[in-house]
Amino acid sequence: MAELEGLEFGKSDFVLLDEVTMEQFMENLRLRFEKGRIYTFIGEVVVSVNPYKQMDIYGKEVIEDYRGRELYENPPHLYAVADAAYKAMKRRAKDTCIVISGESGAGKTEASKYIMQYIAAITNPSQRAEVESVKNVLLKSNCVLEAFGNAKTNRNDNSSRFGKYMDINFNFNGDPTGGHINNYLLEKSRVVQQQEGERNFHSFYQVLRGGSDELLKSLYLQRDPAEYAYTSQGASASNNDSLCHKAVMAALKVIGFTAEEISSIYKILSTILHLVSPTLNALEDYLLIFASVFLSVCGQCCLTSTEAENARKTLLYRTVATGGGEVIEKGHNEKEASYGRDAFAKALYERLFAWIVGRINSVIEVKDYNPALHGKNTVIGVLDIYGFEIFDNNSFEQFCINYCNEKLQQLFIELILRQEQDEYQREGITWQHIEYFNNQIIVDLVEQPHKGIISILDEACLTAGKVTDTVCLDSMNKKLGQHPHYTSRKLCPADKTMEFNRDFRIRHYAGDVTYSVEGFLDKNKDPLFQDFKRLMYNSSDPVLKEMWPDGKMSITEVTKRPLTAATLFKNSIIALVDKLACKEPYYVRCIKPNEVKSSMLFDDGRCQHQVAYLGLLENVRVRRAGFAYRQPYARFLQRYKMTCEYTWPNHLMGSDQEAVEAIVNQHGFEDDVAYGHTKLFVRTPRTLFTLEQERSALIPILVLFLQKVWRGALARMRCRKLRAIYTIMAYYKCYKVKAHFWEVERRFTNVRNMADYGKSVEWPTPPAALVQFHRITQHLYRRWWARQLIKNIPPSDMAEVRAKVAALSALSGERVDWGYSRAWERDYLANAKDSPLTSTNFVRITKELKNKDQYSQILFSCSVRMLNWFNNTKDRALLITDKHIYRLEPKKHFKVQKRIPLDSVVGVSVTSGSDQMVALHTASQDDFLVHLQRGQLNPNQDRVGEMVGNFCLENNETFHLEHKLASNSKIFISLKGLKFNSLKGYCQRPGNVLLYGSVHQHF
């Protein structure tokens, strides 16, 4: 770490000083401040000096420089300690806390904000929406709490007037999942009174200077803070209130406050401002004027949502219950009314602040958390609490604040100094004892039961009768007169810096503080008339009602006496210290360089005083004489065993200590460590840093090895699963095949005995593997089924059956009625029943043609009607033999008009309707169109199918048969594969439009 900054900037760690003296410490601190190095280490403690100016050391680039780095890998910075706390929490699953301490104006609030920003920046790399929402609420809560809990003091323009401890919860991934905020001792007396040169809380000035005109009008407010008694003193000073108000409004919306809740918040602020007017204090009729003015504003505009008459009675009267249960109203005098008004204003603001904190907690609390499902929930705590205060007039609030700082100093001594030395002694480590001041005696002076100042105050508050602050001071003088850290003017009459019957002095670890006892008892009692509580509880505003649950009690109801303010604060601080003590602490010690807020001035005396009371010199001596790191042998071995060949993966030595010694000796760190009874102690962080570097280099190798082994195991598991799956699939496929065969066998067992030979039996759906086999089986079945039908047909009918099959194949179902259900006669002109008048003559002519042309058989004959080019029709006879096609003239004894060789026919066209139109296409393009005529045998029978079937059957061996649908109303049957391009002429019949003629284009 010393190599990261040059010698001109001084020593980055006070442990590296040549001599541990106050002079050298202050010289190094001053040099670093003047060179702009405001952060310095003391081991793991960061010393921060307020620079009183903006510094460019908090950007994204700087955050990346410190992300995941070891503490001494970079120059000192708040980010270094924040990252160390985060890594300790994430690596060891250990709760950590960052304690920020120092006096008012030393920069504690800014330090806590930078720490929060760093933690938010390094978490949630996957940008999960729910985690981002939690981060935004945690960051925006700082803005809201500063507005309502901070104020300008003479020492600090943004002084925290309350203590804040924030727990941030993280999941096992190290992402924030929620949080919780605890607030301590809001300085509510500031609402009604501020010291000269100071302001009220920021929230009042922000709403007055930054609120819109509509908002101020709805709240009946003037923009000038001087118009109101509670804000008139700080009216001249401005801390950029307008911009801050906009930021607070935006933050409230981001956190989740509803519009109604935000409205209620500013109504309460307005109510407090309207409670008193600076122009009324000197009037004799104060009470009536005050009540009327307040009610005219707060009652009429319903700021408190209460009845005007109830508010008037609460301001002017006090309801008292007598011992007999009787209720009476007692009127206030001016002093009592003023006291009640101020007490009400303080209580109203205090409860508003507590409600805001509770509302934020309800948003950021961890919801539905289950350790079994979500892993261990770890915590980082950030403590930003008021620093040690010494004012010209120190009252009850300064007493409580300084007591809190005494407790935190005691925790620091306990954890950093005493426990460390006790641990060395317990572990048997050679150690030179370091002397330090133990402030336990001062803590006992304040909190010791029955003897401490808080106990004396409580006793005075519980004593019946008129007990004044002076009487309480006398009691403290009697009981604490012999205490070395307590004195008063009565005990030390020569000390004229204290007043008789008013002042007492406590010698704190940070210096002597003189307190004025005036108001101690009232502030400790913290009284508020029950009438105000009932008034607010009965408000119709749900926010106000929620703030005052104790207002539901009846006036006659007897309740237990509440704890005093000092006792409540003491209990909360003790609980806070216990909470911090169970976490691994990291410290930021803030120093205020001067009283004038200058970025150039370094006040040696002022800084030396702070170094002394913060115990920084003792901290350096302990850290220098001691060991920076200690760890149980088992845990050290678990983390670093991979860096030594003798301990990885498991050692075979006698004990974990011997294995740790092997790791240390292999790396040559023998002179930088000490061996305790149960722990290893490492003197310098460099040793630990070297081990961490080597471990970080080995982790990827080990991860790759584990990944390889695990991937191999996963691959083998997957292979075994695949083998099992394939085996199951094979058996299942075999079962499906067999099941299909069994089902087919079951369904078709008795098909021989069925009338339709199983044609009506539905085939089962085959598995994918048997689709092709299923088609073949169906084909075989259909052939068997056809064989069963055909074998019963006489041989003389087979020619007709074959012709019908040929027609069915040629027409392909496109023609509905083609005569398949009737007997086919073929030679209708020779049939005496169909053509009784011409059959004899036709038989004679066919014999002559047979002798002449030597044909073997007549395929088809029928009377036809022909269409010529002039659209005229003539009756003719059509004769188709196995050699020729003849067109005959019936009226001229069947004279042959045209003879076409059968092998010249290349195609036949028929329609899909019921008409008897047929077109014959020849290779010579000498086509002709005929209409088949029905004879006497059956005037309605269709003969187109018979002609096509016989024609195709005869030519099946000679011609290649091909058919296609030429259009919606024409069927073209192509023979020999020849194509045609066009038709000439047309024939029109009812229901059908046909175009036929010489073929030039295929249609």
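- An unreviewed UniProt entry lists the protein chain under the name Myosin IG, with Cyprinus carpio given as the organism.
- In its Sequence similarities (unreviewed entry) section, the UniProt entry covering the protein chain states "Belongs to the TRAFAC class myosin-kinesin ATPase superfamily. Myosin family."

1. So, the packing of aromatic side chains
- On inspection of all chains with the given rule, the structure shows 32 aromatic pairs.
- Aromatic pair Phe-741 and Phe-773: ring centres 5.5 Å apart, planes at 65 degrees, arrangement edge-to-face. Of this pair, Phe-741 sits in helix 26 (residues 685-747) while Phe-773 is found in helix 27 (residues 771-790), placing the two residues 32 residues apart along the sequence.
- Judged by its relative accessible area of 36%, Phe-741 is partly exposed.
- Judged by relative accessible area, Phe-773 falls into the partly exposed class, the value being 41%.
- An aromatic cluster of at least three residues, connected via ring pairs, comprises Phe-396, Phe-399, Tyr-486, Phe-504, Tyr-515 and Phe-520.
- Just above the ring of Phe-257 sits the side chain of Arg-359; from NZ or CZ to the centre is 5.4 Å.

2. Re the pattern of salt bridges
- If you walk through the whole model with that rule in mind, you get 38 salt bridges.
- Between Glu-595 and Lys-592 there is a salt bridge, and its shortest N-O distance comes to 3.4 Å.
- Its salt-bridge partner being Lys-804, residue Glu-800 comes within 3.2 Å of it at the nearest N-O pair. Pair noted here: Glu-800 and Lys-804 are both in helix 28 (residues 798-811), with a separation of 4 residues, about one helical turn. This pair shows no difference in class: Glu-800 is buried, exactly as Lys-804 is.

3. Observations regarding helix 9 (residues 259-274)
- Taking 1.5 Å of rise per residue, 16 residues should cover 22 Å, and helix 9 covers 22 Å from first to last C-alpha, within 8% of that figure.
- Of all 16 residues in helix 9, 12 are buried; the element is thus mostly enclosed.
- Turning to helix 9, its buried residues are Glu-261, Ile-262, Ser-264, Ile-265, Tyr-266, Ile-268, Leu-269, Ser-270, Thr-271, Ile-272, Leu-273 and His-274.

4. Quick notes on the sheet that holds strand 15 (residues 629-632)
- Spatial strand order, 15-17-16: 3 strands in an open sheet with antiparallel pairing. Two strands bound the open sheet, and with one partner strand each, they are strand 15 and strand 16 (673-675). This sheet shows a mean twist of 20 degrees between the axes of neighbouring strands, independent of strand direction.
- Across the face of the sheet, helix 25 (residues 656-667) comes into contact with strand 16 and strand 17 (679-682) while running at roughly 165 degrees to strand 16.

5. So, a positive patch on the surface
- A surface patch of positive charge is lined by Lys-335, Lys-466, Lys-525 and Arg-561.
- Assessed through its relative accessible area of 40%, Lys-525 is described here as partly exposed.

6. Things to note about the UniProt feature "binding site: ATP" (unreviewed entry) in the protein chain
- Mapped onto the present numbering, the UniProt feature "binding site: ATP" (unreviewed entry) falls on Gly-102, Glu-103, Ser-104, Gly-105, Ala-106, Gly-107, Lys-108 and Thr-109. The subset of the named residues that lines the second largest cavity consists of Thr-109.
- On the secondary structure map, Lys-108 appears in helix 4 (residues 108-122).
- Relative to the assigned elements, Thr-109 resides in helix 4.

7. A word on the sheet that holds strand 14 (residues 584-591)
- Taken in spatial order, the 7 strands of this open sheet run 1-2-14-3-10-6-7, and their pairing is mixed. Pairing within the sheet leaves two strands with one partner each, and these edge strands are strand 1 (39-42) and strand 7 (176-184). Neighbour to neighbour, the strand axes of the sheet diverge by 15 degrees on average, direction disregarded.
- Bridge count for strand 6 (residues 163-170) against strand 7 is 8 bridges, and the pairing is antiparallel. Each bridged residue has a counterpart across the sheet, and for Phe-170 the counterpart in strand 7 is Pro-176.

8. Focus: the environment of Glu-130
- With respect to the element layout, Glu-130 can be found in helix 5 (residues 129-149).
- For the pair Glu-130 and Thr-177, spaced 47 residues apart in sequence, the C-alpha to C-alpha distance is 8.1 Å.

9. A closer look at the pairing of strand 10 (residues 378-384)
- A large share of strand 10 lies buried, amounting to 7 of its 7 residues.
- Burial of the side chains of strand 10 extends over both faces: Thr-378, Ile-380, Val-382 and Asp-384 are buried on one face and Val-379, Gly-381 and Leu-383 on the other.
- When strand 6 meets strand 10, the two strands line up antiparallel, connected through 7 bridges. Bridging across to strand 10, Met-166 finds its partner in Val-382.

Cut-offs applied
- Residues numbered from 1 in each chain as written.
- Predicted model: local features only at pLDDT ≥ 70, side-chain atom pairs only at ≥ 80, totals over all residues.
- Heavy atoms only, no water.
- UniProt positions renumbered as here; feature names shortened; annotations may be inferred.
- Phe/Tyr/Trp six-rings, centres within 6.5 Å; stacked < 30°, edge-to-face > 60°.
- Helix = DSSP H or I, 4+ residues; strand = E, 2+ residues; numbered from the N terminus.
- Buried < 20%, exposed > 50% of the residue type's maximum accessible area, 1.4 Å probe, protein only.
- Lys NZ or Arg CZ within 6 Å of the ring centre and 35° of its normal.
- Salt bridge = Lys/Arg side-chain N within 4 Å of Asp/Glu carboxyl O.
- Expected span 1.5 Å × (residues − 1).
- Pairing = 2+ DSSP bridges.
- Axes fitted to C-alpha atoms, helices over the stretch in contact; angles between N-to-C directions.
- Contact = heavy atoms within 4.5 Å.
- Patch = residues over 30% accessible without salt bridge, like charges linked within 9 Å, V, L, I, M, F, W, Y side chains within 5 Å.
- Areas by Shrake-Rupley, 256 points an atom, 1.4 Å probe, with all protein chains shown as cover.
- Lys, Arg positive; Asp, Glu negative; His and termini not counted.
- Charge placed at Lys NZ, Arg CZ, Asp CG, Glu CD.
- 1 Å grid on protein atoms, 1.4 Å probe; cavity = no way out; pocket = protein on both sides within 12 Å on 5 of 7 lines; lining within 4 Å.

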